[in-house]
Structure formats: structure tokens, C-alpha cells
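Chain by chain, the residues:
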Amino acid sequence: HRDLHSFPTRRSSDLGGGEKLLWDMLYHIRLLKYVRRSQLKDINSAYSKICAAKKLTKLVELGLIKNTQEDVFISTYKSICLLKQLKYPTQTLPKNISGEGSINEMNNTEFFIQALKLPDYLGLLYPNFEYIKPDALLVRGTKEKYRLEFLEIEASKMNWNDWLENKRINYLRLAGDRQAYSYWKAQCNYLELPVPDINDFRFSVSIIGKLNNNFGEGFNFMEEL
């Protein structure tokens, strides 16, 4: 699994179920941004005890989640405030969730759930750089030895090859851009991970979809995580 190298100076209770389980579910809804009711039990089988339609409706009435369409739910500002009060690690959770759960957004959720189930999963983040916005940043490994994997979840589109080539160019640019290291250094504090020396900072890019190009070192094409 080869990486891109960053070159420094060159650039309650009435809801049923245990309270802790409920708070954990609210945390995951926020983490994943857009979640179908049917997906909640895939995240944690124990959520099947508290994710009945009427219980989710109660959470909507309490203002903790919002039902955007059909069975798609997103977290609210009130929910993240509650999680912060409960001492959950909210610093790395998505700050603004503006969509309503489009086909592409729900497709992303499927792969994000796969990420949560990886045996070496450490974290899922949503960085937004000036010229590129990854679908997510997956942190894998152990506290002592971890690796960073940007995720690009691609569905077929017109000019797909041009679209991906632009991504390739922007990730190569990011590898030589100090802002990537600065971003990660800040996240290390929240995730309680050791900060790498800038000369050792690396990441890879996993492009998930049906296409399989040869972009060279640091890029991995796959159909699932």
C-alpha cells in the first residue's frame, strides 16, 4: 500500500433502550452525515433495539435529528451540542450538513459504514481543502502506527476520465502542500494520535468504483473497502 509523500517547504428514557446506546447512535448519525433507518442496525446491531420508526420520530420531535426524505435522517445542531455536553469527541464530527441525502450521498454512507467495520479503523474525517474536497479521510492502523487514506467514492458520470485526472492532479498538489500537514497535525490532538514529523507525513488515495486506472504510487482503485 504505497503512499503519496508530502514535501514540506516546497509547498432518554421515553425512547426506550439504554441512554448510552441512544447517544452512541446519535453520534454515528452525525459522523456519517446521512443515514437510512435500515442502515442503523448495520452500523451496530444493538441499534435495532432503538431505531424503530416511532422512536426515530420521537427524536425528530425532540429536534435531535431531521427526517429529510423517506427514511433518510441527518443530525441537527441540537444533537451535536448534546453530544458535546456528554463529552463525546465532537471536534472531528462534520460541522455543517447541508444536503438531504441524495443518491450519491447515500452511496457514500454505504462505504463509510464499511470503513467503520474495518478491524484497523481509527477515525473518519471530512477535510475540505481549497482546491479539493475528499469524500472522507479514513484513519487506519494503531495508535502507534497509523496511515491516512483519502476516500473518493465515484459513480459513473460523463467525462469520468477527465474528472478523475483532475482529482489525480489535485492530490499530487496536496502532497506538496503544507496545509495538508497542518490540518492533520490539528486532528492528531483531537484523536490522541502522535504527530508525525513533517518529513514523514504521507497519505494514500483510494478511489472506489468500477474504473481501474493506473495513477501510479499512492493511488489505489477498488470496488469496496
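All of these numbers come straight from a predicted model, not from anything done at the bench. (Residues numbered from 1 in each chain as written. Predicted model: local features only at pLDDT ≥ 70, side-chain atom pairs only at ≥ 80, totals over all residues. Heavy atoms only, no water.)

This paragraph deals with the overall build of the protein chain. For the protein chain, the count of helices and strands is seven helices and nine strands. Dimensions of the protein chain along its principal axes, counting C-alpha atoms only, are 55 × 40 × 30 Å. In the protein chain, which comprises 225 residues, the proportion classed as buried is 49%. (Helix = DSSP H or I, 4+ residues; strand = E, 2+ residues; numbered from the N terminus. Buried < 20%, exposed > 50% of the residue type's maximum accessible area, 1.4 Å probe, protein only.)

Roughly 490 Å³ of volume is contained in the largest pocket. Ranked by the residues each element gives to the lining of the largest pocket, the list is headed by helix α5 (residues 103–116), at three residues. The calculated volume of the second largest pocket comes to roughly 240 Å³. Lining the second largest pocket are 13 residues, and of these Asn-104, Asn-108, Asp-135, Ile-153 and Glu-154 sit closest to its centre. For the lining of the second largest pocket, the secondary-structure elements that each account for two or more residues are α5, β7 (146–153) and α6 (160–175). (1 Å grid on protein atoms, 1.4 Å probe; cavity = no way out; pocket = protein on both sides within 12 Å on 5 of 7 lines; lining within 4 Å. Points joined across faces, edges and corners; volume = space filled by probe spheres on them.)

What follows concerns α5. Counting along an α-helix, one turn takes 3.6 residues, and residues three or four places apart therefore face a common direction. Taking 1.5 Å of rise per residue, the 14 residues of α5 would be expected to cover 20 Å, and the 20 Å separating its terminal C-alpha atoms lies within 8% of that figure. Met-106, Asn-108, Thr-109, Phe-111, Phe-112, Ile-113, Ala-115 and Leu-116 are the residues of α5 that are buried. (Expected span 1.5 Å × (residues − 1).)

We now examine empty space enclosed by the protein. Taken as a whole, the largest cavity encloses approximately 40 Å³ of empty space. If you go around the largest cavity, the residues you meet are Phe-129, Leu-137, Leu-148, Phe-150, Ala-180, Tyr-183, Trp-184, Phe-201 and Phe-203. If you list the elements that add at least two residues to the lining of the largest cavity, you get β7 and α7 (178–191). If one sorts the elements of the lining of the largest cavity by residue count, α7 sits on top with three residues. Here the residues of the lining of the largest cavity sort into nine nonpolar, no polar and no charged. (Nonpolar A, V, L, I, M, F, W, Y, C, P; charged D, E, K, R; others polar.)

Considering all chains together, one arrives at eight salt bridges under this definition. With its nearest N and O atoms 3.3 Å apart, the salt bridge here joins Arg-140 to Glu-149. Residues Arg-140 and Glu-149 agree in their burial class; the two are buried. Here Arg-168 and Glu-165 are joined by a salt bridge, their closest N and O atoms 2.7 Å apart. (Salt bridge = Lys/Arg side-chain N within 4 Å of Asp/Glu carboxyl O.)

What follows covers the sheet that holds strand β3 (residues 65–69). Taken together, the three strands give an open sheet; going across it, the order is β2-β4-β3, and neighbouring strands pair in antiparallel fashion. In this open sheet, the two edge strands, each paired with only one partner strand, are β2 (35–36) and β3. As paired strands, β2 and strand β4 (residues 72–75) are joined by two bridges and run antiparallel to one another. Counted as the bridge partner of Val-35 is Phe-73 from β4. Strands in contact with helix α1 (residues 19–32) are β2, β3 and β4; relative to β4, the strand with the most contacts, it is inclined by about 95°. (Pairing = 2+ DSSP bridges. Contact = heavy atoms within 4.5 Å. Axes fitted to C-alpha atoms, helices over the stretch in contact; angles between N-to-C directions.)

Helix α4 (residues 77–85) packs onto α1 with a crossing angle of 125° between their chain directions and a minimal axis gap of 10 Å. Put simply, α1 runs oblique to α4. Once α1 is placed against α4, the crossing between them reads as left-handed. Contact residues: Trp-23, Leu-26, Tyr-27 and Arg-30 in α1; Tyr-77, Ser-79, Ile-80, Leu-82 and Leu-83 in α4. Looking at the contact of α1 with α4 residue by residue, the class counts come to seven nonpolar, one polar and one charged. (Parallel < 35°, antiparallel > 145°, perpendicular 65-115°, else oblique. Left-handed = near helix turned anticlockwise from the far one by under 90°.)

Spatial relationships are all this shows, so hold off on functional conclusions.
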